[in-house]
Amino acid sequence: QVQLVESGGGLVQPGGSLRLSCAASGSIFRTYVMGWYRQAPGKQRELVAAITSARSTKYVDSVKGRFTISRDNAKNKVYLQMNRLKPEDTAVYYCKVDARPTRWEWINEYWGQGTQVTVSS
């Protein structure tokens, strides 16, 4: 099946930057929408940014102009460049990929294990 491995989280001061990476591996016939979600303590998980295979993008209003999502289709990777980080961006960030493991299977959703992003002085 498909496995997702995230990296790039950590502790950063307000105004700083981080870049998250997510690599999909295993049996992958094709990937579709790739995205990043986040969940802060006591809050519901929310979509942060998503990108289609044609590289159309969508962002939650609170990160527009600060975050940029990108992907490398050849490597089955998705990235989230986060600039001008704010304390309210603190959360566990999850990668999600919609993919078909083989040409004979339907599209499934796959989630990463999450990576902590903490914005604090």
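Here, every reference points to the structure presented above.
Residues numbered from 1 in each chain as written. Predicted model: local features only at pLDDT ≥ 70, side-chain atom pairs only at ≥ 80, totals over all residues. Heavy atoms only, no water.

Draft legend 1. Inspection of the overall build of the chain at higher detail. When its secondary structure is counted, the chain shows 0 helices and 11 strands. Starting at the N terminus and walking to the C terminus, you meet the elements of the chain as β-β-β-β-β-β-β-β-β-β-β. Expected size for 121 residues packed as a compact globule is a radius of gyration near 14 Å; at 14 Å, the chain falls within 12% of this value. Along the first, second and third principal axes, the C-alpha set of the chain runs to 50 × 25 × 25 Å. The 121 residues of the chain split such that 41% are buried. Within the chain, residue pairs in contact and separated by at least 24 positions form 54% of the contacts whose partners lie at least 6 positions apart. Accessible surface for the chain amounts to roughly 6600 Å². Of this, 49% is attributable to carbon and sulfur atoms. Counting 17 positive and 9 negative side-chain charges, the chain places the centres of these two groups 5 Å from one another. (Helix = DSSP H or I, 4+ residues; strand = E, 2+ residues; numbered from the N terminus. Rg over C-alpha atoms; globule rule 2.2 N^0.38 Å. Buried < 20%, exposed > 50% of the residue type's maximum accessible area, 1.4 Å probe, protein only. Contact = heavy atoms within 4.5 Å. Areas by Shrake-Rupley, 256 points an atom, 1.4 Å probe, with all protein chains shown as cover. Lys, Arg positive; Asp, Glu negative; His and termini not counted. Charge placed at Lys NZ, Arg CZ, Asp CG, Glu CD.)

Draft legend 2. Representation of the pattern of salt bridges within the structure. One pass over the structure, following the stated rule, counts 6 salt bridges. Between Arg38 and Asp89 there is a salt bridge, with the nearest N and O atoms lying 3.0 Å from each other. With a gap of 51 residues between them, Arg38 in strand E4 (residues 30–39) and Asp89 in the loop between strand E8 (77–82) and strand E9 (91–100) connect regions that are remote in the sequence. Since its relative accessible area comes to 6%, Arg38 is described here as buried. The class of Asp89 is buried, set by a relative accessible area of 1%. The salt bridge involving Arg66 is made with Asp89; its shortest N-O contact spans 2.7 Å. Of this pair, Arg66 sits in the loop between strand E6 (57–59) and strand E7 (67–72) while Asp89 sits in the loop between E8 and E9, and the two are 23 residues apart along the sequence. On the basis of relative accessible area, Arg66 is assigned to the buried category, the value being 5%. Counted as one network, the salt bridges with shared partners bring together Arg38, Glu46, Arg66 and Asp89. (Salt bridge = Lys/Arg side-chain N within 4 Å of Asp/Glu carboxyl O.)

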